[in-house]
Every structure is written in C-alpha cells, then in structure tokens.
Amino acid sequence: MGPAAGAAGWHHVAMTLVDPDRATASPPAVEEERATRTAFRTCPLCEAGCGLEITVARDEDGGERVTRIRGDRDDVFSHGFICPKGSTLRQLHDDPDRVRRPLVKRDGTFVEVSWDEAFAAVERLLGAVIEAHGRESLAAYVGNPNVHNISALLYLKPLLRALGTPNVFSASTVDQRPKEISSALMFGAPLTVPVPDIDRTHHLLLLGANPVESNGSLATAPDWPGRLKAIRARGGRVVVVDPRRTRTAELADEWIAIRPGTDALLLAAIAAALFEEGLVDTGSAGPHLAGVEEVSSFVSPFTAEAVAEVVGVDSETIRRLARDLAAAPSATVYGRMGTTTAEFGTVASWLVDVCTALTGNLDRPGGSMFTRPAAGAPSTRGAPGVGRGVRLGRRHTRVRGLSESLGELPVACLAEEIDTPGDGQIRALVTIAGNPVSSTPNSDRLDAALGGLEAMVAVDVYVNETTRHADVILPAPSALEKSHYDLALLQLAIRNVANWSDPVLDKPVDQPDEWEVLARLALIAQGMGANGDPAVVDELVLDTLITASVDDEHGPVHGRDPAEIKEALGATPGPARLLDLMLRAGPYGDAFGTRPDGLTLAALRDAPHGVDLGALEPRLPEVLRTPSGRVELAPAEILADLPRLRAALERGAPGTEMRLVGRRDIRSNNSWMHNVEVLVKGKARCTLHVHPDDAGRLGLVDGDAATVRSRVGQVTAPVEVTDSIRTGVVSLPHGWGHDRAGLRMGVAQRHAGVNSNVLTDDAAVDAISGNAVLNGIPVEVAPALDSS
Ligand code: SF4
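Residues numbered from 1 in each chain as written. Predicted model: local features only at pLDDT ≥ 70, side-chain atom pairs only at ≥ 80, totals over all residues. Heavy atoms only, no water.

**A short note on the site of the ligand**
Around the ligand, a shell composed of Cys43, Leu45, Cys46, Ala48, Gly49, Cys50, Ile82, Cys83, Lys85, Gly86 and Asn215 is seen. Here the shell around the ligand is built from residues that sort into seven nonpolar, three polar and one charged. (Near = heavy atom within 4 Å. Nonpolar A, V, L, I, M, F, W, Y, C, P; charged D, E, K, R; others polar.)

Structural data, given as structure tokens:
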C-alpha cells in the first residue's frame, strides 16, 4: 500500500528563499520549486482521534518528509482541533532514538540484526523456555498504544492464543478495567459503556476526570475544552469532583475537592439521597431496568451525613449534587481515572451509571448514551437485546489468588508471578507496545523481576525502562507509516463517526508491517517456525470473521456464501481487508451489494475528512447483551462488595497522613512521548504538588526537593506549592523516571523526572476487577536531606 496522496494530491509550491543577511535590502530572492502533497489522517496518539492535515515534501533524491502537521479543519469530528502532541508525529518519526531495525542483545549489548535473524532468535529463546518449563511459564503484557492500533486489535488475539498461556496482562488493569467490568455486568459487553452526551447535556458531573489535559477517555471526543465551554454557553452547568483543581475544574461552574479514593462513597450517597428525597425517576429507560430495589438497599447505609467526613464534602453539598442531577432537563455523570484506579473502582464505575439511570438520564439525548459504531462492536452483532453477558473469576493468579477478568490477570501481580519460585513461575515475557516498569505499581520490584527472566521479547519503538530488559526488540513502523482506524475507540465516541487513514509515508522496504510482525510471532509461538508466512495468520483471522458474519442470523450478510464474500474482499492481506469486511457487514455497511449506498472501506477512502454517521440515538433495549435482556442495575458481583465499602466508611477519615494522587499533562502521553523535545522543554513538569498549608506544616519549600515514601518505595522530587490541590494530598504525574541505566531515549533521560509508580503499592487492588490502586496512596512527605 503506497502513501496516501490525500485529496489535494501532488502540487508544486513556489518557495521564496530570502538570504537573511540581505533581508532588508531589495531582494534578489531565490525561487525554488518544491513538490508537496497534503495527506489527511487521524491522530493515533490518544482517544480524541483528531483529524490531521499533513504536508509532505519531496526531496531532490525522491525521498519524502513531513514538513507540517496541523488540525484538519474539514474533519467531521475534530473541525481543526489538535493538542500540542498532534503535530509531533513528525518528531516521533524522525527521532534518531526510535528503533528502526531489530535489536538482539549480545553480551549485554543490543546489536542491530536482520529481521530473519531476529525472528530466529525469538524462536530459539521462547522454544527453550517452553521446552524446559512449559507454556504456563510464558507471559504477555499488552500496552496502552495497542488500543489505538488496528493491527494490534486484529492480530494480537492469534498471538496470545498461540502463546498458550493464562498469563496475559495489560495496561487495562492499571486503567479502565473497573468500568469495563461494570459495563459488562450491567449491559452485557465490556465496551458497551454509556458515554456522556456532552454536546447536548444541560448538566455534566465529572469525577476524577481531567479531559482538558487527557483529551478524554472512554468518551471519544476531540476538543473537550470547546465542548465544555459550549455546555456553559448554552446555560448548562459543569461540576468537577477532584482532589485537584484541574484545568477541567478551572473551566467548570464548581469544583468539589473530594478526598482521594472516596468517589464510591460519594456516589453511593448521591444515589441514597435520590431515594430518600423521592427524586428517583428512571424515565424512558425504566422498563428496561432490573434491580432498582436492590440498589436502594445497597446505598441506604451511605447517607450524605454518614459519608461527609470521610469523603471530605459536606452533606448539604452532596444532597445538592443529587438534586441538581434530578432537576436538570438532562444530565450526565462521567468518571475516569480517579474513580477507576481506586480501592472501589468497580463500585464507583457502576454507581456512575446508576446515578444517571435513577435520574432518567440513561439512554436519552443529553444523558449517557450508547454509540452505534460502524465496525467491531459486540452490541451490533448477534441477537439484539440479549446475550451471554460475562463471567468473572474463571481462574486465579498463582501467588495471590486474584481473579482473572475478561481473559486477563491483574498486572499488579506480574512481578510476584515472575519472582516467586514454584510451578507455573513466569520465565519468559513478550511485551507489545508496553512499558510496565513505568506504568504499573511497585516499579522497582517489577524492574528487578524482569532482570531475572530467562527470555524477553518486545515489540516496541524505544529502548525504554522495560524493553532494556529484552533479549530481542522488534520495531513497529512509525505512526506515519501505518494505516489507522480507531476500531476500539469509535465504539465510545460521543457521535457516530468513521475515519480511515492510509499510511502517509512509505515504510522502509525491509520493515514488515506491524500485523506481519505479530503474525510471525504467532507462528513462532505456535511452533510453526521463524520463517512462517504471516498471510497464513491473516487468512485465519479473515475466515473467522467471515464465518461469524454469515452465521449471524441477525446480521445483514446472514446466509451468504463465504466464498463470494471472500472474493469481493480481494486478495490483499492485512487489516484494511479485515476492516472492509467488518464495515460492510456492520450496521451501516453495504452488505456486499444488498445496501448499495452502505459503508465500505472504499467509501471511507473517498472521504479523507471522515464520515459523520449522526448524533447518538437511544438504543435500549437492542444494545443489551445481558442474559436477562435487561439493564442489570444491581449485579450480584458488585453488590457483594458492600461489606468492604461499609468497612471503608467505618475506618473513617485519615488523620494527618498524606495521600498521593496522579496528574495528567496535555504534553505527556503516559511514558512514551518524553523523548520529543518540544513536549518536555521549559518548566519542569514532574513536580510534587503540595498545598501551602501542608507545605508549611511539613517544612516544604517551593522549588526545593521533597522525599516521598510509601510502603514500597521512595522518590525525591521538586516541590511545587499550589492551592490547586486539597490539603492532605500530594500529586505526581505518571510516566516519568527515565533515569534507569540502559535506556536509549536521550531527550527523556535529560528530563528524567521521577517514577510515581515506585510509590504505588502492588498489594492494593480493587477487589472486583483486580485493577491497581494508583490514587489515594498513603505516603510520608518530608524535605529531602540534601535540600535542608
Ligand atoms: S488530542 Fe492531541 S494527541 Fe489526542 S488525538 Fe488530538 S491531536 Fe492527537
């Protein structure tokens, strides 16, 4: 697949080059003809999915380079919005530290090798571990960027299956797993998440969410700042509940400084107030809800008065939050990292949707609604309104006995599964675009554990804190060399849209596409050798998807001849062909001819600014895939957490102990964009935020260093005294700490910062999901010795 010429195609631009020494004299200017073209693509860096307009210049030697990236003003969803990261795809592509050739470690040093040599090394390494210890000694870790990557979303499954191990971990269990579980239990599938209809709502209550910095998550929407301002401009109200006065809170009508980790108690109290004050009105969703009575009895102990001291919010404010939700013409509740990476992540995630349902705001415009995506959503396949739901706890971790969820084990257990001897001990790890040493709790323990592995293989573009332990690193093409479709995140969009991007630049001739790397790894893991043909895996995935489509008696291609469909899709392997199938057999698709105006990949290619499929519309009950065919408002698995929540209430408020929370920064993207100079230059961003009262009490001085200690670790960071954080709380951003030996990230190493996950505790997890607790960590804070 060649580079996309974009709508404008090639054209010639007269460049006037003025000699700077003679700039004030009358020119002679030198004119040079330079060929440029414009390409359009979706930014793959975060969940907002902004459209980009990319200018590509052709050099005299025939090579191409990107000269400018800006927001695509004609994009149907982002309308020209981008954040500071969007234009840095160019810097990422050009980064001299980016791994471009496979690396194999020899005598402790990485050396570049051919792809064949690299795959042969993988076969040798994994084969030896499987032979000596069995497949249960293998493990895989899947990082966050995979969710933005169509190749990974389509070809990781065969790889993970081929590894044949239960030890599958991912960044989901340091992030959104609680929301996926509550959604799966309530609505039948993990990504059937009601998203806040922020473009139409009259009242938005955000908890532990900072979309102005993060650009949104589990609610795909470019330009959160503009959309939040629009709510207020049309007379609506925005309320932010957060221990920090974030940039989102600055844009809101009200900031409520909750004590970290207590969102579940606050939400329970809001729900309790709705029942107590007779404000429950489930509206049009009412007939589809099961379990309203059970919810009432669950929340009844958590009155506003009972929780006020523990959550740090007075009871009248809590009751007002409930009354405002009930009184608004439409209202929606949205919770993110602060609610999910907490002690009661699943209960809080569940109560977010309970509060919208109890106030009649589930599945109505301006409330919380369900996307109807063009491809890949379980809620658009099979029988509408009913399904198998999910089962949790089908197996447990070897050392601690924590439950699996959605086919994965909690990543908080990864280190102990590696460093604890015994049957089933993990001896080899495959990481795919992941940096768990930076992103998961008790980093130092995991870092040490990785050093003891017998084999490690990484698919990654950097030698970072994690991949420095690898024996083999297999690089993926740069983002500009890959095609893109947000298969997962468009399932969570606040508007139904679809947008395909072809690669902007050709990749080097010997660089395999990412799907080919994953497919060859799958073949090796399957025992089919290092020289297997990745097309074999592609064919398998294609046949599986075609079979599922023609077997779906509610789908538009039910009963069709699989061979006819396969022929219509053409012979070119890869994610584009698979997506074409999913689009055409999807809810807007052309059904291979029976709906001639329907969506196809060709139609998306003809629409470089994307296709707008319309505002969200009510989908109850057809969106459901629960066994009962109803919204399970009171899942037994969640109600079972009641004793633990009661115990937390009885524990009371912490005394003077400090609690650590995280922090987002718009220039940062978890751990992997700190090697881009324009994003890290200037004022240091990895600072410890401390309230002035706490700074005075603890003897901390702005600009000086403080030592922060938790049960598992200690870091020293510069203090930033600010009243944008509540007392009793300190904050560090995550993704930093690039000072370990052996990295090849020169810029990041010069702006190292400290790793907040040295402090987060691998023993602390949400009981239902196993998700790590990354917010509300008990810490001691004191002036660093060398700064006193
Ligand atoms: S908000 Fe920034 S990083 Fe996210 S998709 Fe848009 S431009 Fe890319």
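Structure shown, so let's carry the discussion forward.
**Overview of the sheet that holds strand β10 (residues 203-207)**
Strand order across the open sheet formed by four strands is β12-β11-β10-β14, with parallel pairing between neighbours. Taken across any chain shown, the strands that pair with only one partner, and hence form the sheet edges, are β12 (254-256) and β14 (332-335). On average, each strand axis in the sheet is inclined to that of its neighbour by 15°, with strand direction left out of account. Its contacts with the sheet place helix α8 (residues 263-276) against β10, β11 (237-241) and β14, and it is angled at close to 145° to β10. (Pairing = 2+ DSSP bridges. Helix = DSSP H or I, 4+ residues; strand = E, 2+ residues; numbered from the N terminus. Axes fitted to C-alpha atoms, helices over the stretch in contact; angles between N-to-C directions. Contact = heavy atoms within 4.5 Å.)

**Some points on the packing of aromatic side chains**
Under the counting rule described, the total for this entry stands at six aromatic pairs. Aromatic side chains Trp115 and Phe119 sit 5.8 Å apart centroid to centroid with 35° between the ring planes, which places their arrangement in the tilted category. With Trp115 and Phe119 both in helix α2 (residues 115-133), this residue pair falls four residues apart, about one helical turn. Taking relative accessible area as the criterion, Trp115 reaches 7% and is therefore assigned buried. A relative accessible area of 0% means that Phe119 is categorised as buried. On the numbers, 6.2 Å between centres and 40° between planes, the contact of Phe298 with Phe302 is tilted. The residues Phe298 and Phe302 share a single accessibility class, namely buried. Through a chain of ring-to-ring contacts, three or more aromatic side chains come together here, namely Phe298, Phe302 and Trp350. (Phe/Tyr/Trp six-rings, centres within 6.5 Å; stacked < 30°, edge-to-face > 60°. Buried < 20%, exposed > 50% of the residue type's maximum accessible area, 1.4 Å probe, protein only.)

**Let's talk about the sheet that holds strand β17 (residues 455-459)**
Strand order across the open sheet formed by seven strands is β6-β5-β18-β17-β16-β7-β8, with mixed pairing between neighbours. Edge positions in the open sheet fall to β6 (109-112) and β8 (168-170), since each of these has one partner strand only. Going across the sheet, the axis of each strand differs from the next one's by a mean of 20°, ignoring polarity. Where β17 lies against strand β18 (residues 472-474), three bridges are found, and the strand directions are parallel.

**A closer look at unusual backbone geometry**
Cis geometry marks the peptide bond from Leu620 to Pro621; its omega dihedral reads 5°. Residue placement: Pro621 occurs in the loop between β20 (611-615) and β21 (631-632). Residues other than glycine seldom take positive phi values, yet Asp107 does so here, at roughly 50°. Of note, Asp107 is situated in the loop between β5 (103-106) and β6. Exposure remark for Asp107: the relative accessible area of 83% places this residue in the exposed category. For Phe592, which is not glycine, the phi torsion reads 55° and is therefore positive. For Phe592, the position within the fold is in the loop between α20 (575-584) and α21 (601-605).

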